[in-house]
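# Breakdown of the fold
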Amino acid sequence: MKGLFIASALTLVGSCATTRYSTKIDNLKKNIQLTDSATVMHYANTITANELKTHLYTYASDNFEGRKTGELGQKKAAKFLENYYKSEGILSPINDSIYFQSISKDYLPNEIQTTENVLAFIKGSEKPDEVVIISAHLDHLGIEDEELFNGADDNGSGTTALMEMAQAFNLAAKDGFLPKRSILFLHLTGEELGLYGSRYYIENPVFDLEKTMADLNIDMIGRIDKKHEANPNYLYLIGADRISKELHFISEKINDTYFNLDLDYTYNEETDQNRYYFRSDHYKFALKNIPVIFYFNGEHDDYHKASDTADKIEYDLLTKRAKLIFTTAWHLANQDHDLVHNEDI
């Protein structure tokens, strides 16, 4: 009887603990309030397929020679981004005018020349020292065996989406709708070599990592993989719940409210043999316990081939995906509290 009583008591304690956790989860979901919907969607809708197409045909052109880290084509791409932000009147977080975070060749693999991340930002109105990062790698594979790898989807799609989002946030700021937190538009170099640009930023952050709310990382969002050929209204999300379930719930609510994409979490499984969670720049932020989302369309027949060209991008779909990320960043930058981490639930 005594043994039965102890077992029953343990069951009751376990049940109460489970109830308390589930209640906290329910409260996290209930406390997510999407405000200023008309305003948010007004600026989201300034992200257009025509502008994305114009930028991407330039960025993934032969003129940029495949954007291999440290080589002339990548330098042209970085200068293109710098000129874009200057023309839009979007400042750098480094003395307002230094858009390049230079990375010495001594930091990089053998025979790779000095390279640079490109940074621009919108300063927060209430919590300027806190930041939401939207990132995308700017580099690709360059020229190999006389084949030029334009990298339109990988990662011209993410780069140009980031440019359009920056423009949208800047238009809002000009109209008086400044984000409460700063927003950093972070174009990372050296991703194809092994996440060198993101590693360098983490070791030399422009914003305090303790005050970095989240990293929304974009790597390939312009195409459709074979799994979704019959239903292209999708996007893979990876990592959203691993550090902050609240981030996952916010992402879901924004999508359900405004966009109705099929958010596919196949590659978020910890048993995923592709290990995508570890393979793009968000991972360096996750290692510092910074909540992340990795946005990805999956691999396709042109992945890491010379045939990954701008004419194959699904521009309307790229636009919708970019709007989802923009709206998520808007909410994060403006919500009253920091994200709740899983360890604090």
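Up top is the structure.
A brief report on the enclosed structure follows. (Residues numbered from 1 in each chain as written. Predicted model: local features only at pLDDT ≥ 70, side-chain atom pairs only at ≥ 80, totals over all residues. Heavy atoms only, no water.)

Okay, the packing of aromatic side chains next. Counted under the stated rule, the structure contains 26 aromatic pairs. Residues Tyr 43 and Phe 177 carry aromatic rings whose centres are separated by 5.9 Å and whose planes lie at 55° to one another, so their mutual orientation is tilted. With Tyr 43 in helix H2 (residues 37–44) and Phe 177 in the loop between helix H5 (152–174) and strand S6 (181–188), this residue pair connects regions lying 134 residues apart in the sequence. Taking relative accessible area as the criterion, Tyr 43 reaches 4% and is therefore assigned buried. Ring centres of Phe 169 and Trp 330 lie 6.0 Å apart, and the angle between their planes is 20°; on these two criteria the pair is classed as stacked. Note that Phe 169 is positioned in helix H5 and Trp 330 in helix H10 (residues 315–334), a separation of 161 residues in sequence. What links up through ring pairs into an aromatic cluster is the set Tyr 43, Phe 169, Phe 177, Phe 185, Phe 326 and Trp 330. Between the NZ or CZ atom of Arg 242 and the centre of the ring of Tyr 277, over which it lies, the distance is 4.0 Å. (Phe/Tyr/Trp six-rings, centres within 6.5 Å; stacked < 30°, edge-to-face > 60°. Helix = DSSP H or I, 4+ residues; strand = E, 2+ residues; numbered from the N terminus. Buried < 20%, exposed > 50% of the residue type's maximum accessible area, 1.4 Å probe, protein only. Lys NZ or Arg CZ within 6 Å of the ring centre and 35° of its normal.)

For the rest of this paragraph, the subject is the environment of Glu 144. Of note, Glu 144 is situated in strand S4 (residues 142–144). Given the relative accessible area of 35%, Glu 144 is considered partly exposed. In the structure, Glu 144 is positioned 171 residues away from Tyr 315 in sequence and 28 Å away in space, judged by C-alpha atoms.

Structural measurements only, silent on function.
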